[in-house]
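# Architecture and fold: a report
Letter by letter, the chains look like this.
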Amino acid sequence: MSLLYILLAIIAVIQVFPLIWLLFFSLKDNQEVFNLSPFALPTDPKWENYAKVWTEGNISQYFFNSVWYTVAAVVLTVLLASLVTFALTRMNWKLKKPVLGLFMVGIMIPIHSTLIPLFQMFMKINLTDHPLSIILTYTAFNLPLTIMILLGFYQTLPREVEEAAVMDGCSVNRIFFQIILPMTSSVIATTVIINMIYNWNEFVFVNTFISSDGLKTLTVGIQNFIGQYTTDWGAIGATLMISILPILIVFFILSNRIMEGMTAGSVKG
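Residues numbered from 1 in each chain as written. Predicted model: local features only at pLDDT ≥ 70, side-chain atom pairs only at ≥ 80, totals over all residues. Heavy atoms only, no water.

### As for the packing of aromatic side chains
A complete count under the given rule lists 13 aromatic pairs for this structure. When the ring of phenylalanine 176 is compared with that of phenylalanine 177, the centres are 4.9 Å apart and the planes differ by 85°; the resulting orientation is edge-to-face. Relative accessible area serves as the criterion here: at 44%, phenylalanine 177 is assigned to the partly exposed category. On the numbers, 6.2 Å between centres and 70° between planes, the contact of phenylalanine 251 with phenylalanine 252 is edge-to-face. Members of the aromatic cluster, connected to one another through ring pairs, are Phe119, Phe122, Phe141, Phe205 and Phe209. (Phe/Tyr/Trp six-rings, centres within 6.5 Å; stacked < 30°, edge-to-face > 60°. Buried < 20%, exposed > 50% of the residue type's maximum accessible area, 1.4 Å probe, protein only.)

Here it is, written out as structure tokens:
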């Protein structure tokens with residue numbers, strides 16, 4: 001058992017090391033980045049790199065945009081996926097299996113193969129350079145995976161609770177919002193973090209659909225520190241560190257729920 005703990009500790013150090021390295025990298029200037037060893041500590045930590053990117057680099061606006069796009073897309077995706085999964089597992093209708101198959105086919109479609117058709121469609125309906133183009137795209141591509149994760153969990157939910165609610169005169173809407181959603185909070189936490197990681201780190205769609213600087217996200221805005229002749233590597237490191245923090249915070253807050261959601265649907269009770 002002690003050998004297992006040692007092995008897990010080594011793996012944990014390997015996993016955490018890139019974050020520590022990025023922190024040190026973000027506190028260096030260009031001279032230290034190129035003259036010192038990649039693993040060397042900064043001789044004079046440049047905490048001003050963070051203030052610089054937040055104010056001069058417009059990172060505060062990009063950060064707000066990333067939060068806004070991510071939260072809106074995650075809420076919309078999880079709500080729609082929950083409604084679809086509820087209809088697929090709790091209702092009897094003729095097209096249930098074809099609809100499920102259609103969503104599952106969506107998982108097999110390469111995301112960026114749809115880049116040009118989506119751009120042409122958004123051009124026709126005047127949604128290019130608009131937040132809705134990003135939110136709708138994130139929602140559409142995350143729905144199949146989210147539904148697949150929810151399906152296994154929904155199939156383990158006891159139907160007796162819903163039957164009792166129906167006997168008490170509870171409507172379908174109340175069953176879903178007041179009974180099913182609270183019961184699925186653990187698996188919803190899992191889907192939230194999965195969706196959030198994808199939306200937060202996505203680059204290609206934002207870079208293609210958004211042209212206004214005031215609507216860009218962190219992943220695209222980081223290019224501001226890459227010039228034709230010089231690149232501010234310390235500022236890039238600070239921006240990357242800022243972009244990682246929200247994901248880490250949400251993961252630590254939802255970590256227990258995430259583990260419950262990953263294991264709950266694996267065994268039918």
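### Concerning the packing of helix α5 (residues 96–108) against helix α7 (residues 131–154)
At a minimum axis separation of 7 Å, α5 and α7 run at an interaxial angle of 120°. The pairing of α5 with α7 is recorded here as oblique in orientation. Between α5 and α7 the crossing geometry is left-handed. Taken together, the residues of α7 that come into contact with α5 (itself represented by Leu100, Phe103, Met104, Gly106 and Ile107) are Leu143, Pro144, Leu145, Ile147, Met148 and Leu151. By residue class, the composition of the contact of α5 with α7 is ten nonpolar, one polar and no charged. (Axes fitted to C-alpha atoms, helices over the stretch in contact; angles between N-to-C directions. Helix = DSSP H or I, 4+ residues; strand = E, 2+ residues; numbered from the N terminus. Parallel < 35°, antiparallel > 145°, perpendicular 65-115°, else oblique. Left-handed = near helix turned anticlockwise from the far one by under 90°. Contact = heavy atoms within 4.5 Å. Nonpolar A, V, L, I, M, F, W, Y, C, P; charged D, E, K, R; others polar.)

### Quick word on the pattern of salt bridges
The tally for this structure, following the rule as stated, stands at five salt bridges. Arginine 90 is the partner of glutamate 162 in a salt bridge, and the nearest nitrogen-oxygen pair spans 2.6 Å. Of the two residues, glutamate 162 is situated in helix α8 (residues 159–167) and arginine 90 in helix α4 (residues 59–90); the sequence distance between them amounts to 72 residues. What makes glutamate 162 buried here is its relative accessible area of 10%. (Salt bridge = Lys/Arg side-chain N within 4 Å of Asp/Glu carboxyl O.)

### Let's talk about the side chain of lysine 28
Take lysine 28: it is sitting in the loop between α1 (2–26) and α2 (30–35). As a buried residue without a salt bridge, lysine 28 has its nearest oppositely charged side chain in glutamate 32, at a separation of 6.8 Å. Of the polar contacts made by the side chain of lysine 28, one reaches the backbone oxygen of alanine 40; its length is 2.8 Å. Setting aside its immediate chain neighbours within four residues, lysine 28 contacts Val33, Ser37, Pro38, Ala40, Leu41, Pro42, Lys46, Asn49 and Gly234. (Lys, Arg positive; Asp, Glu negative; His and termini not counted. Polar contact = N/O pair within 3.5 Å; in protein donor to acceptor, adjacent residues only side chain to side chain.)

### Details of the side chain of glutamate 202
Relative to the helices and strands, glutamate 202 resides in the loop between α10 (185–201) and α11 (204–209). Here glutamate 202 is buried and forms no salt bridge, its nearest opposite-charge partner lysine 216 lying at an N-O distance of 13 Å. At a separation of 2.9 Å, a polar atom in the side chain of glutamate 202 contacts the side chain of tyrosine 138.

### Re a nonpolar patch on the surface
A cluster of nonpolar side chains, contributed by Leu76, Leu79, Leu80, Leu83, Leu132, Leu136 and Phe177, occupies part of the molecular surface with about 530 Å² of accessible area. If one sorts the elements of the nonpolar patch by residue count, α4 sits on top with four residues. Of note, phenylalanine 177 is situated in helix α9 (residues 172–183). (Patch = residues over 30% accessible without salt bridge, like charges linked within 9 Å, V, L, I, M, F, W, Y side chains within 5 Å. Areas by Shrake-Rupley, 256 points an atom, 1.4 Å probe, with all protein chains shown as cover.)

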